[in-house]
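Breakdown of the fold
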Amino acid sequence: MDQLFIKSRATILTWLFLSVSMLSAIAQDKHHYQSDFSIEDFAVRRTTIFEAIGNKAIAVIQGASGVSGFSIFRQSNTFYYLTGLETDHAYLLLNGRNRQTTLYLPHRDEGREKGQGKILSAEDGDLVKQLTGVDRVRAIEFLSSDLISTGLIRPPAPLLYTPLSPAETGNDSRDELLYGQARASSDPWDGQETREALFVQKLKERVPQFEIHDLSPILDSMRLIKSPAEIKLIRQATKIAGEGIIEAMRSTKPGVYEYQLDAAAKYIFHLNGARGDGYASIIGGGTNAFMGHYFHKTDVLNDGDLVLMDYAPDYKYYTSDVTRIWPVNGKFDKAQTALYNYIVAYRDALFKYIKPGVTSNEVLDKAAADMEKYLVGKNFGNAAYLKAVQEGLKFRGHFQHPVGMAVHDVGQVRGVKLKPGMVFTIDPMIWIPEERLYVRIEDVVVVTETGAENLSAFVPSLLKDVEQTIQETGLTEYRKPISQESEK
């Protein structure tokens, strides 16, 4: 009886040890895979592509390449959107003929894993299928033969779709990437081909029977409408962005540097789980704000000036876009008050008309009509201010760009009827070139079934709330920069 008890106890202990070890291994693996989207979420996205390309086409998506040095790898937005996988040098094949999805991964690099931890590889096929819901996982060297087997032996060959637009891999957006490529191409000493162009070139060389088509428009239309899970992440990214800006407001006073406000916001970002910037912070004091994408952040903030801050984090592959402007000394003067109150009123007027079924032009026209009434009896600092305000009513850029996986996200929100799930920015602004003065605020809106929600409404925007926030103690009060301490 005692021996039977001992054997049973040993068996139970062994089973418990194996179970704990197995759970630990799974936990280690899942630590390197996202938990924000379900298998069904990714399956729906891939099914949408199958339906868009039809049964006589395939799609091939190239993941982000590896990083050198001590840089941290980040997957491309497109590859993450379709798989949730963060392994570098990965490929995805969507075969429209049999609706089969195959992931191609590099082989395990044991030395790299010893230093960095688990990296999902071709040897983790069963686990990767379980996590992502794909049909097959293959080593990267099988991609060529699998392309052949999709039907090239029996013509006609299927169409081949692949994204031709530049891949977003962090604090970038397609528009800025395209401008960067254009600048590089004009340099005779640089001008190298893009990664997308090289991939298409290799496809044409190795499987010339395929007719190449651009997958980007299909992906763009998919990403324009955000799912509830995506909106949840954008909401959190907006919350973090707003809290970062609030901390910067608290840290503002004459003599503080622009980069110190950046540091205050960054602390909040990382404290709340962001991996970094959704885009380089725009923090401009005085006339620096007149440059729309000013990023140097090297100047001191002066008494009497306004400071503009536009910043958001890279949070689980999603970002936001929030902007506020406030007085360095904590008090708007009379002229600044008139301009600032006008901007806030314009923001509120725009939000009033956002709902499903309307277009950006309809929203802008109705809001401008409201603001014409608002201006009756209002006084501004001088004729240049009044002219800027009046010209602002004609400007169409107050209704801005989509926001999602990139700050200037893909898709079109201007000139189309709004739909629930669209997320974009409302960005009323005015320029006064005579004084190089620029005033604006920016909020993130999600279109709902019945109207719109301002995701950044909690960030102080009413004049009294802004002034009150600036009076609160901020991070720069607790710790002086090293350079200032050494001067004592």
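The sections below set out a description of the structure shown in this document. Everything numeric in this text was worked out from a predicted model, so none of it was measured.

The element strand E2 (residues 91-95) is extensively covered by neighbouring structure, given that five of its five residues are classed as buried. Neither face of E2 is left uncovered, since the one carrying Tyr91, Leu93 and Asn95 and the one carrying Leu92 and Leu94 both have all their residues buried. In this sheet, E2 lies alongside strand E1 (residues 57-62) in antiparallel orientation, the contact comprising five bridges. Bridge pairing in E2 places alanine 59 opposite leucine 94. Bridge analysis of E2 against strand E3 (residues 100-105) gives five bridges, and the strand direction is antiparallel. Paired with leucine 93 across the strands is threonine 102, a residue of E3. Taken together, E2 and the strand that follows it, E3, pair antiparallel across an intervening segment of four residues, in which arginine 99 is found at a positive phi of about 55 degrees.

What follows covers the packing of aromatic side chains. In the structure shown here, the tally under the stated rule is 14 aromatic pairs. Seen from their ring centres, tyrosine 342 and tyrosine 374 are 6.4 Å apart, and the 50 degrees between their planes marks the pair as tilted. Taken as a pair, tyrosine 342 in helix H12 (residues 334-352) and tyrosine 374 in helix H13 (residues 360-375) lie far apart in primary sequence, 32 residues in all. On the accessibility criterion, tyrosine 342 (0% relative accessible area) is buried.

Position of threonine 150 relative to the elements: it lies in the loop between helix H6 (143-149) and strand E5 (159-162). Owing to a relative accessible area of 6%, threonine 150 belongs among the buried residues under this scheme. What threonine 150 contacts, discounting residues up to four positions off in sequence, is Ile58, Leu93, Asn95, Arg97, Pro158 and Phe210.

Moving on, we come to the packing of helix H2 (residues 39-53) against helix H9 (residues 216-224). To characterise two packed helices, one gives the angle between the axes of the helices and the distance between these axes. Two elements in contact, H2 and H9, have axes whose closest approach is 11 Å; the angle formed by their N-to-C orientations is 135 degrees. Between H2 and H9, the angle is such that the two are oblique. Seen along the crossing, H2 lies across H9 with a hand that is right-handed. On H9, the residues touching Arg45, Thr48, Ile49, Ala52 and Ile53 of H2 are Ile218, Leu219 and Met222. Grouping the constituent residues of the contact of H2 with H9 by class yields six nonpolar, one polar and one charged.

The next subject is the pattern of salt bridges. Scanning all chains against the criterion turns up 33 salt bridges. For lysine 266, the salt bridge is made with aspartate 262, and the minimal N-O distance between the two is 2.9 Å. Here aspartate 262 and lysine 266 lie together in helix H11 (residues 258-271), a separation of four residues that amounts to about one turn. Residue lysine 266 is classed as partly exposed on the basis of its relative accessible area of 27%. Here the salt bridges do not stand alone but share partners, grouping Arg108, Glu113, Lys118 and Asp124 into one network.

Their axes nearest at 8 Å, the elements helix H10 (residues 228-250) and H11 cross at an angle of 140 degrees. Seen along the crossing, H10 lies across H11 with a hand that is right-handed. Residues Ile240, Ala241, Glu243, Gly244, Glu247 and Ala248 of H10 pack against Leu261, Ala264, Ala265, Ile268 and Phe269 of H11. Within the contact of H10 with H11, the residues separate by chemical class into eight nonpolar, one polar and two charged.

Taken in spatial order, the three strands of this open sheet run E8-E9-E11, and their pairing is antiparallel. Since the sheet does not close on itself, it has two edges, and those belong to strand E8 (282-285) and strand E11 (322-327), each with one partner. Going across the sheet, the axis of each strand differs from the next one's by a mean of 10 degrees, ignoring polarity. In the sheet, strand E9 (residues 306-311) pairs with E11 via six bridges, with the strands oriented antiparallel. Paired with tyrosine 311 across the two strands is valine 322, which belongs to E11. This element, H10, spans E9 and E11 of the sheet and lies at about 15 degrees to E11.

What follows deals with the nonpolar core. Residues Ile49, Leu215, Trp326, Leu339, Tyr342, Ile354 and Phe424 are the most contacted members of the largest nonpolar core, which totals 120 residues. Setting aside anything within four residues of it in sequence, one finds tyrosine 342 in contact with Met371, Tyr374, Leu375, Phe380, Val389, Gly392, Leu393 and Ile430. The next biggest cluster of nonpolar side chains, apart from the first, holds 12 residues, and it includes Val60, Leu93, Tyr104 and Phe199.

Looking at the element boundaries, serine 360 is found in helix H13. Ignoring anything within four residues of it in the chain, the contact list for serine 360 reads Phe399, Val413, Arg414, Gly415 and Val416.

Look at helix H8 (residues 195-206): 16 Å from first C-alpha to last across 12 residues, which is about the 16 Å you get at 1.5 Å a residue. For H8, the elements touching its buried residues are E1, E2, H6, E5, helix H7 (174-185) and strand E6 (212-214).

Within the fold, histidine 107 resides in the loop between E3 and helix H4 (110-116). The spacing of histidine 107 and glycine 421 is 314 residues in sequence and 39 Å in space, taken between C-alpha atoms. At 2.6 Å, the side chain of histidine 107 forms a polar contact with the side chain of glutamate 123. Of the polar contacts made by the side chain of histidine 107, one reaches the side chain of glutamate 141; its length is 2.9 Å.

The rules we used
- Residues numbered from 1 in each chain as written.
- Predicted model: local features only at pLDDT ≥ 70, side-chain atom pairs only at ≥ 80, totals over all residues.
- Heavy atoms only, no water.
- Buried < 20%, exposed > 50% of the residue type's maximum accessible area, 1.4 Å probe, protein only.
- Helix = DSSP H or I, 4+ residues; strand = E, 2+ residues; numbered from the N terminus.
- Pairing = 2+ DSSP bridges.
- Phe/Tyr/Trp six-rings, centres within 6.5 Å; stacked < 30°, edge-to-face > 60°.
- Contact = heavy atoms within 4.5 Å.
- Axes fitted to C-alpha atoms, helices over the stretch in contact; angles between N-to-C directions.
- Parallel < 35°, antiparallel > 145°, perpendicular 65-115°, else oblique.
- Left-handed = near helix turned anticlockwise from the far one by under 90°.
- Nonpolar A, V, L, I, M, F, W, Y, C, P; charged D, E, K, R; others polar.
- Salt bridge = Lys/Arg side-chain N within 4 Å of Asp/Glu carboxyl O.
- Core = buried A, V, L, I, M, F, W, Y, C linked by side-chain atoms within 4.5 Å.
- Expected span 1.5 Å × (residues − 1).
- Polar contact = N/O pair within 3.5 Å; in protein donor to acceptor, adjacent residues only side chain to side chain.

Any functional reading would require information beyond the geometric quantities listed.
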